[in-house]
Protein chains: 2
Amino acid sequence: MEEKEISQAVVGRLPRYLRYLGELRDEGIERVSSQELSDIMHVTASQIRQDLNTFGGFGQQGYGYNVGYLYDEIGKILGLNREHRLIIVGAGNLGQALVNYTDFERRGFLFLGIFDHDQKVCGKKIRGITVRPMEEMADFIRENQIDIAVLTVPKNSAAEVAELLAADGIRGIWNFAHVDLQLPRHIQVENVHLSDSLMKLSYNLASNGRDDLQWAESGQESRSLN
Amino acid sequence: MEEKEISQAVVGRLPRYLRYLGELRDEGIERVSSQELSDIMHVTASQIRQDLNTFGGFGQQGYGYNVGYLYDEIGKILGLNREHRLIIVGAGNLGQALVNYTDFERRGFLFLGIFDHDQKVCGKKIRGITVRPMEEMADFIRENQIDIAVLTVPKNSAAEVAELLAADGIRGIWNFAHVDLQLPRHIQVENVHLSDSLMKLSYNLASNGRDDLQWAESGQESRSLN
DNA sequence: AATCAATTGACAAAAAATTAACATAAGCGT
DNA sequence: ACGCTTATGTTAATTTTTTGTCAATTGATT
């Protein structure tokens with residue numbers, strides 16, 4: 001299945017390509033060259049071509065790239081062509097905020113369950129989804145073929161809960177807890193360490209004045225955040 | 001002031017060093033070698049020494065690093081020794097969740113104001129902070145010496161609001177809106193593009209089975225955020 | 001049909017980041 | 001005090017990432 005080990009740096013840029021291609025598509029633009037995209041996105045045309053070619057020849061010499069086609073292909077690469085079934089673990093403020101953010105659903109990320117240790121919030125409904133006690137989680141994951149768990153529990157219980165999730169057959173964890181999870185390698189972990197991000201901003205404020213690139217991309221770090 | 005242009009890759013790793021050093025310190029451990037830290041954090045000892053030396057010689061040959069001292073120094077580098085004064089712009093679910101997350105305050109990031117366009121939420125109190133109308137924002141920023149704005153408005157109004165903030169003298173923007181902001185270079189922007197992060201996770205699930213590193217760092221990265 | 005302009009995909013070069021190696025300095029034990 | 005061990009800071013090597021270049025291919029134009 002796998003070809004030759006694609007770097008996370010490249011993968012991290014794909015969502016941004018997708019976003020700009022979506023905008024072009026919505027404007028009714030059918031074709032785009034790497035140079036045009038370069039001008040809009042402020043990355044080199046060479047990098048765009050290199051990145052896209054990592055996954056295949058989506059363009060045509062002398063023509064450029066078909067916006068709609070490229071959009072779809074990148075979406076497929078990112079796994080957006082298939083449905084993802086998620087649960088939120090930890091019904092605190094952040095967990096609730098994520099459930100209420102409907103953009104994810106439009107991308108095929110379906111929030112199917114919410115779990116919390118606290119009996120007081122169990123039973124409460126958030127956007128139509130009932131908060132359930134942790135005890136029901138294992139069965140729920142299996143019965144509803146959940147593949148991703150969003151971990152929004154306090155940092156001191158994160159490791160423990162993550163191990164439960166791993167045991168219950170979860171394939172990926174979107175980790176908002178401020179710890180590094182140690183799990184079997186077949187389980188994918190994507191960290192969102194908000195305080196790390198804020199500290200990076202703080203650093204860049206402190207070491208001010210420098211002519212940093214304003215146009216960095218998120219993650220990796222943009223530079224931002226990432 | 002500035003020495004020789006420090007890479008964002010290095011900066012992005014500092015918060016993680018800080019986190020592990022804080023844990024060691026809390027355990028009462030006074031000294032640590034790059035090799036010990038390497039074992040705990042799963043990065044090479046060489047990288048740790050290289051990273052730390054970017055900012056100065058914090059260690060001592062034959063001894064290692066003093067945990068408390070190193071912790072403090074990294075904190076200073078990240079600007080955590082001084083107070084940061086923030087406002088939240090956009091009192092939606094995410095904005096409210098961030099205000100309620102008290103860990104930031106412990107690091108010296110003080111939420112002093114919340115602003116929203118919607119008259120219905122104005123006047124509401126979130127953790128003691130009153131939501132104010134956007135019209136009052138400019139004065140508030142000046143009167144309270146706000147340096148960072150947390151941008152949690154919908155993506156279609158983000159650019160507009162960001163320009164207001166820039167005009168009002170904000171120095172940094174922590175941007176949760178799913179757009180790239182185009183602002184004067186002296187304004188630092190740190191992006192948190194959550195959907196990008198989720199797509200990365202989706203990719204790594206799709207291209208499964210690969211023996212990806214379980215121990216990647218956030219941002220950037222890491223394969224996280226950032 | 002033939003030429004011209006545009007633009008990719010591939011390869012090469014350059015730059016950046018990571019890892020390795022090692023000389024040097026500090027502590028520790030005898 | 002002396003030698004041995006430890007572990008940094010630094011330089012060098014390696015690897016990865018990014019950027020530049022160009023032949024080859026397509027579409028447009030005459």
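Just above sits the structure.
Colleague: Any chance you could explain the sheet that holds strand β3 (residues 64–66) of chain B here in plain terms?
Modeller: The pairing of strands in a sheet comes from backbone hydrogen bonds and takes either a parallel or an antiparallel form. Residue and element names in this part refer to chain B. Strand order in the open sheet formed by 3 strands is β1-β3-β2, and the pairing between neighbours is antiparallel. The open sheet is flanked by β1 (31–32) and β2 (59–60), the only strands paired with a single partner. Two strands pair when backbone bridges link them, and β2 and β3 are joined in this way by 2 bridges, in the antiparallel orientation. Counted as the bridge partner of G59 is Y65 from β3.

Colleague: For this particular structure, what's the right way to read the packing of helix α2 (residues 34–41) of chain B against helix α3 (residues 45–55) of chain B?
Modeller: For any two helices packed against each other, one specifies the inter-axial angle together with the distance between the axes. Residue and element names in this part refer to chain B. Packing of α2 against α3 brings their axes to within 8 Å, and their N-to-C directions diverge by 115°. Classified by chirality, the crossing of α3 by α2 is right-handed. Residue-level contacts link S34, Q35, L37 and S38 of α2 to A45, I48 and R49 of α3.

Colleague: I would appreciate a short explanation of the pattern of salt bridges in the present structure.
Modeller: Under the counting rule described, the total for this entry stands at 26 salt bridges over all chains. Note that D180 of chain B is salt-bridged to R16 of chain A, the shortest N-O span being 2.8 Å. Taken together, the residues span two chains, with D180 of chain B in the loop between β9 (172–175) and β10 (188–191) and R16 of chain A in helix α1 (residues 8–26). Each of the two residues, D180 of chain B as well as R16 of chain A, counts as buried. Notably, a salt bridge pairs K200 of chain B with E190 of chain A, separated by 3.7 Å at the nearest N-O pair. One end of the pair, K200 of chain B, is in helix α9 (residues 194–206); the other, E190 of chain A, is in strand β10 (residues 188–191), on a second chain.

Colleague: Is there a simple way to explain the protein's contact with DNA strand D in this structure?
Modeller: R13, S46 and Q61 of chain A together with S34 and Q61 of chain B are the nearest of the 25 residues found near DNA strand D. Counted by atom, the contact set of DNA strand D within 4 Å of the protein is 62% sugar and phosphate. At a separation of 3.1 Å, a phosphate oxygen of DNA strand D approaches a polar side-chain atom of T44 of chain A. Among the secondary structure elements, those contributing two or more residues to the surface near DNA strand D are α3 (45–55) of chain A together with α3, β2 and β3 of chain B. For the surface near DNA strand D, the leading source of residues is α3 of chain A, giving 4 residues. Of the residues assigned to the surface near DNA strand D, the class counts are 3 nonpolar, 18 polar and 4 charged.

Conventions we followed
- Residues numbered from 1 in each chain as written.
- Chains lettered and ligands numbered in written order.
- Predicted model: local features only at pLDDT ≥ 70, side-chain atom pairs only at ≥ 80, totals over all residues.
- Heavy atoms only, no water.
- Pairing = 2+ DSSP bridges.
- Helix = DSSP H or I, 4+ residues; strand = E, 2+ residues; numbered from the N terminus.
- Axes fitted to C-alpha atoms, helices over the stretch in contact; angles between N-to-C directions.
- Left-handed = near helix turned anticlockwise from the far one by under 90°.
- Contact = heavy atoms within 4.5 Å.
- Salt bridge = Lys/Arg side-chain N within 4 Å of Asp/Glu carboxyl O.
- Buried < 20%, exposed > 50% of the residue type's maximum accessible area, 1.4 Å probe, protein only.
- Near = heavy atom within 4 Å.
- Polar contact = N/O pair within 3.5 Å; in protein donor to acceptor, adjacent residues only side chain to side chain.
- Nonpolar A, V, L, I, M, F, W, Y, C, P; charged D, E, K, R; others polar.

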